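# Results of the structural survey
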Amino acid sequence: FLVDFFFDATFTKENPVTKFSRSITFWGAPVIGVTIDPDAEEEDTKSGDKRKEFVMDTFFKDMEKIADPGHSNKINAYYFMRVLILDVFLKILANDGMFAMISIAIVYFYMRFMLSSWFLANVGFLEIVLSIPTAWFFAEWLFQVDYFSSLNPLCLFIVAAIGADDIFVFMDAYKQSAFKGPAVTRDLKTRMSYVYRRAGTAMLITSATTCSAFLCTVASPIASTRSFGIFAALVILMDYILVMTMFCTAVVIYHNTFESPKVNCCVQCACVCCCPCVARIPEAETSTGKANAGLNVDGKQDRITEFYKGPFTNFILNPATRFTSLFVLFCWFCVAFYFMLQLEPTKKTEQFLSDDHPLQKAITILNEGFPVATDDRGAKMFFTWGVGEVNRDGVNQMLRDDYIGKATYDEDFFLSQACQQKIYDYTEEVRIDVDGKYDDYVKRNAAGMVAVVSWLDEFKDWIEGGVDGHKAGEGSSLFGSACVRNPMREGYTFPVADADAAEAFIRFAYEPSCSEDAPYPGALMIETYVEDSRATGLPGNSFGFNGEKLKSTSISLESSVLDPWSEIAETKAMEQYKFFIAEAAHIDSLMEAECGKVLMTDIDQKYVMMNNQKIFRTSAVSGAMIGCGIAFVVILISTYNMFVAAFATLSILCVLVSVVGAVTIAGWTLGTVTSILISILAGFSVDYVVHLAHAFVTTPGNKEDRVRGAFADMGVSVMSGMLTSILASLPLFLCKIKFFASFGIFLCATIAFSWTYANLMFMGLLATFDVMKFSFGKGSKVDEGHGNVH
C-alpha cells in the first residue's frame with residue numbers, strides 16, 4: 001500500500017525515484033454547531049456541508065496560493081478534494097462567465113461602431129437577446145421539447161455572431177439603397193420595400209441553410225445533441241423573424257427621427273423623451289429625401305464598399321493574383337487534408353479544465369501518474385441475475401427527459417441451492433486468481449485478493465458461524481469484526497436448500513451486517529449491500545430483496561482502470577468493456593443452467609459514456625457532410641445554378657477540412673468536445689458563401705460585373721460579420737473550462753476560414769468560369785426600381 005499510494009507509477013527497485021507523491025488530509029472532527037447523529041442521514045449531510053464550508057472558508061485561499069507555480073522553486077503542490085469540485089467549478093464558471101460577457105459586449109460595441117447609432121445598436125442587441133427566450137418558448141410549449149441540453153447556452157454566441165451579421169446585411173442594404181437612384185428613393189415606402197426584399201431574401205437563404213445544417217443533428221441518437229440542434233435552428237429562425245420585424249421597424253424610426261446628424265446629441269440623453277430635438281425629421285432632410293433630390297448623402301461606410309468594389313475586386317479579377325491565391329489555398333487544403341486524416345480518437349482522459357489550472361493538474365497526475373492503490377475507488381462492474389433488459393417503450397428524452405425506461409425482472413428467477421454454490425465457487429476462484437487473469441482489469445484489496453464483492457459470502461458466514469449467537473468471522477477471513485450473529489437455525493448449512501431459501505433470505509435481510517463496508521455500525525443487510533454510484537447517483541443493489549422476496553442478485557468486480565468520475569478514452573474503455581463482456585460469457589458457461597443468463601452493467605455508466613464517445617466520433621464528420629449536402633440543395637434552389645451551388649459547397653467542404661486539419665496540427669484529438677464541434681461546423685460556415693452566391697446571381701451583367709456587384713453589395717456585411725465573430729471569440733480563449741476555450745478557438749478558426757474561402761476561392765472560381773450561362777431558371781433577380789422579386 002505504501003509504495004502504491006505514495007510513489008508514482010515509475011517507482012521501482014531499479015528506479016527508486018518518484019516524480020510525484022501524494023497525501024491525504026482527513027477532515028473528520030465534527031464542526032462546531034453540528035450535532036452528529038449516525039442514524040440521521042439529514043444530520044450527516046448537514047455535517048458534510050459544514051465541513052466543506054469550513055474548508056472553503058478557512059483553507060481554500062491558502063490551497064490556491066500553495067498551488068500557484070510561483071509559490072516555491074523546489075516543489076509544486078496541487079489540491080484535490082471531491083466534495084469541493086462543485087464549489088471550485090462554480091467559481092471557475094463565474095470567472096469564465098465574465099469572459100463570455102466580454103464577448104457579448106464586444107458584439108454590442110462593434111455593432112454600435114458599424115451602425116453609428118446607439119438606438120439601432122440597442123434595438124439590434126435586444127433583438128439578438130430576445131431570440132433566445134423566444135426560441136425556447138416555441139421549443140418547449142409548441143414542440144413540447146422538454147430536454148434542455150448543456151450545449152444550448154452556446155446558442156448565445158451563435159446568435160450573437162449570426163444575428164449581428166443579419167443586422168449588418170439589413171443596414172448595408174438600407175445605406176446602399178440611398179445610391180440606387182430615384183426609382184428606389186422615391187419615398188420611404190419604396191425604399192424600404194427594396195431594402196426589405198433584397199436583405200430579406202439574402203437573410204432568408206442564409207438562415208434556411210444554417211437552420212438546416214443545425215437540424216442535421218436531429219439524426220443523432222444522443223438527446224443532448226438533438227436538443228441543441230433543434231434549439232439552435234429555432235434561435236436562428238427567431239433571429240431572422242425579429243430582424244425582419246422588430247429591427248426593420250427600428251430602421252424606419254431611425255430614418256424618421258435619429259438619422260439626421262443634428263439629433264445625435266439627443267441620443268446620448270439619459271431620457272430621450274426630454275430632448276426637444278427628438279422629433280420627426282422633415283421629409284426633405286431625411287436620407288431618402290436628400291437622395292431623391294440628388295443631394296449628397298452621408299455614407300462613411302462607403303469607403304469599405306469602395307475598397308471591395310475597387311482594389312479587392314481588382315485583386316480577384318486579376319488572373320495573376322487570383323490564380324496565386326487559389327494555388328496557395330489549394331496547397332493549404334492538401335496540408336489540412338493530410339492532417340485531417342491523421343486525426344485519431346483520444347487515447348487519454350479528456351480534460352475538463354485548462355492545463356494550467358491546479359485542480360486539473362491534480363486530476364491529471366492522480367489519473368496518469370500513480371498506480372491504482374487499495375484506497376482508490378474504482379468503478380464497479382455488476383454481474384446480475386434476475387434482471388432483464390430495460391423496457392424502453394415510450395422513452396423519448398426530448399419530450400420527457402425524466403423517463404429513461406422501466407426495469408424488468410425475470411419472474412421465474414430463484415436463487416437455488418445449486419446457484420448459490422456456483423456463484424460462491426466463482427467468487428472464490430476470482431479472489432485467488434491463480435493465473436493472473438484479472439491483473440490488468442480488476443483491483444486487489446489490502447490482502448492481495450481480487451476485489452470481488454458478493455453478499456453470499458456474508459450469508460454463508462451467517463449460516464455456518466454457530467448457534468445461540470456467535471461472533472462473525474469464526475473460520476472466515478472476510479468478516480473479522482466482533483459483532484454478534486443471530487443464526488437462522490441449528491443444523492442448516494450453506495448452500496441453503498431450496499425449501500428453506502425463501503425464509504433464509506427474509507431473515508438474513510433484517511440481520512445486522514458485520515461487513516467493514518456497512519454504512520454504519522449495526523446497519524442491516526438490506527442497507528449494506530446497496531451502493532449508489534458516486535458519479536450518477538444510480539442505485540446499485542447487489543442484494544435484490546424487495547421486502548418480500550429476493551428478486552435479483554449480483555456480484556461486483558471493482559475495475560482497476562475505470563473510476564466513477566473520469567471520462568476515460570474510448571479505446572481504453574472499449575478494452576475494459578470487451579473484457580467484462582467476455583467475463584459475463586464465461587460466467588454463463590459456468591452456471592447458466594443453474595442461475596439463468598447473467599447481465600453485465602455498471603451503475604457509473606462508463607460504457608454509456610464510451611458509447612456516446614463512439615457516436616460523437618462516427619457522427620461528427622457524417623453530420624458535417626449531411627450539412628454540406630443540405631447547403632448544396634438550399635443554394636441550388638435559391639440560385640438556380642448548379643455550378644454556383646457546387647462551388648459554394650466546395651467552399652464549405654474546404655472550411656471543414658481546414659478547421660479539422662488545423663486543430664489536428666494544434667494537437668487536438670477526436671474526443672467528445674472535438675466531435676461535437678465538428679458536427680455543428682457546417683452550421684457556422686455557410687453564411688458568407690451563401691451571401692456572396694446570392695448577391696452574385698442577382699447582379700446583372702457579365703461575370704466581372706457580377707463579381708464587382710456582389711462585393712459591393714455584400715463585402716461590407718461579410719467582413720463586418722467576420723470581424724464581429726472573431727473579436728467575440730477571442731475572450732473565450734482565456735476561459736478555464738476546456739469546452740468554452742475549445743469552442744472559442746473552433747469558432748475563430750471556422751469564421752476565419754469561412755471568410756477566406758468565400759472571398760478568395762469561391763469568388764475566384766466565379767470570376768474564372770462563366771457559370772451563369774448554365775442557370776436552369778430565371779433565379780431570383782431584384783428589380784432595383786421597384787424592389788420586386790421575380
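What you see is a predicted model, and the numbers here were worked out from it, not measured in a lab.

## Comments concerning helix H5 (residues 118-142)
Residues spaced three or four apart along an α-helix face the same direction, because each turn holds 3.6 residues. For H5, which comprises 25 residues, the first-to-last C-alpha distance of 35 Å matches the rise-based estimate of 36 Å (1.5 Å per residue) to within 8%. Approximately 25° is the largest bend angle found in H5, and it occurs at Ser131, with the proline Pro133 only one to four residues beyond. Along H5, the residues that are buried comprise Leu120, Ala121, Val123, Gly124, Glu127, Ile128, Ser131, Ala135, Trp136 and Ala139. Those residues of H5 hidden inside the fold are in contact with helix H4 (85-115), helix H6 (155-177) and helix H9 (223-258).

## Section: the pattern of salt bridges
Scanning the entire structure with this criterion turns up eight salt bridges. Where Arg444 meets Asp433, a salt bridge forms, and the shortest distance between an N and an O atom there is 2.9 Å. Note that Arg444 is positioned in the loop between helix H15 (417-432) and strand S2 (452-454) and Asp433 in the loop between H15 and S2, a separation of 11 residues in sequence. Residue Asp588 pairs with Lys597 through a salt bridge whose shortest N-O separation is 3.3 Å. Classification of Lys597 by relative accessible area gives exposed; the value is 57%. Taken together, the salt bridges that share partners define one network made up of Glu428, Arg431 and Asp457.

## Description of unusual backbone geometry
Omega for the bond connecting Phe494 with Pro495 falls within 30 degrees of zero, at 0°, which places this linkage in the cis form. Looking at the element boundaries, Pro495 is found in the loop between strand S4 (484-485) and helix H17 (498-509). Unlike most non-glycine residues, Asp433 shows phi in positive territory, near 45°. Judged by its relative accessible area of 5%, Asp433 falls in the buried class.

## Comments concerning the confidence of the model for the protein chain
Chain-level statistics for the protein chain give a pLDDT mean of 80 and a share of 84% at 70 or above. The secondary structure element of the protein chain with the lowest average pLDDT is strand S11 (residues 788-789), at 37, and the one with the highest is helix H13 (residues 319-341), at 94. Counting interchain partners and residues more than four positions distant, the pLDDT-below-50 stretch residues 263-277 has 16 contacts. When the criterion is pLDDT under 50, residues 466-477 qualifies, and its contacts beyond four places in sequence or with other chains add up to 27 contacts.

## Quick notes on a nonpolar patch on the surface
Side chains of Leu723, Leu727, Leu730, Phe733, Leu734 and Ile745 sit close together on the surface and give an oily, nonpolar patch of about 470 Å² of accessible area. Tracing the backbone through its elements, the reader meets Leu723 in helix H25 (residues 703-729). For Leu723, a relative accessible area of 31% translates into the label partly exposed.

## As for the pairing of strand S9 (residues 599-602)
Residues of S9 alternate between two faces, with Met600 and Asp602 buried on one and Leu599 and Thr601 left unburied on the opposite face. For strand S1 (residues 380-385) and S9, the ladder comprises four bridges, and the chain directions are antiparallel. By the bridge assignment, Thr384 is partnered in S9 with Leu599.

## Notes on the packing of H15 against helix H19 (residues 570-595)
A pair of packed helices is characterised by two quantities: the angle between their axes and the separation of those axes. Relative orientation of the contacting elements H15 and H19 amounts to 155°, with a least axis distance of 9 Å. Accordingly, the angle class assigned to the pair H15 and H19 is roughly antiparallel. The two elements H15 and H19 meet at a crossing, and its hand is right-handed. For the pair H15 and H19, contact is made by Ala418, Cys419, Lys422, Ile423, Tyr426 and Glu429 and by Glu583, His586, Ile587, Leu590, Met591, Glu594 and Cys595, respectively. A breakdown of the residues in the contact of H15 with H19 according to their chemical character gives eight nonpolar, one polar and four charged.

## Describing the side chain of Thr699
Structurally, Thr699 can be placed in the loop between helix H24 (687-698) and H25. A relative accessible area of 10% means that Thr699 is categorised as buried.

## Side note on the packing of helix H16 (residues 455-464) against H17
It is at 11 Å that the axes of H16 and H17 come closest, and there the two elements cross at 100°. Taken together, H16 and H17 sit at an angle that is classed as roughly perpendicular. Residues Trp455, Glu458, Phe459 and Trp462 of H16 touch H17, and the partners they reach there are Ala504, Phe505, Arg507 and Phe508. By residue class, the composition of the contact of H16 with H17 is six nonpolar, no polar and two charged.

Calculation rules
- Residues numbered from 1 in each chain as written.
- Predicted model: local features only at pLDDT ≥ 70, side-chain atom pairs only at ≥ 80, totals over all residues.
- Heavy atoms only, no water.
- Helix = DSSP H or I, 4+ residues; strand = E, 2+ residues; numbered from the N terminus.
- Expected span 1.5 Å × (residues − 1).
- Bend = angle between axes of the 7 residues up to and from the residue.
- Buried < 20%, exposed > 50% of the residue type's maximum accessible area, 1.4 Å probe, protein only.
- Contact = heavy atoms within 4.5 Å.
- Salt bridge = Lys/Arg side-chain N within 4 Å of Asp/Glu carboxyl O.
- pLDDT = per-residue confidence, 0-100.
- Patch = residues over 30% accessible without salt bridge, like charges linked within 9 Å, V, L, I, M, F, W, Y side chains within 5 Å.
- Areas by Shrake-Rupley, 256 points an atom, 1.4 Å probe, with all protein chains shown as cover.
- Pairing = 2+ DSSP bridges.
- Axes fitted to C-alpha atoms, helices over the stretch in contact; angles between N-to-C directions.
- Parallel < 35°, antiparallel > 145°, perpendicular 65-115°, else oblique.
- Left-handed = near helix turned anticlockwise from the far one by under 90°.
- Nonpolar A, V, L, I, M, F, W, Y, C, P; charged D, E, K, R; others polar.

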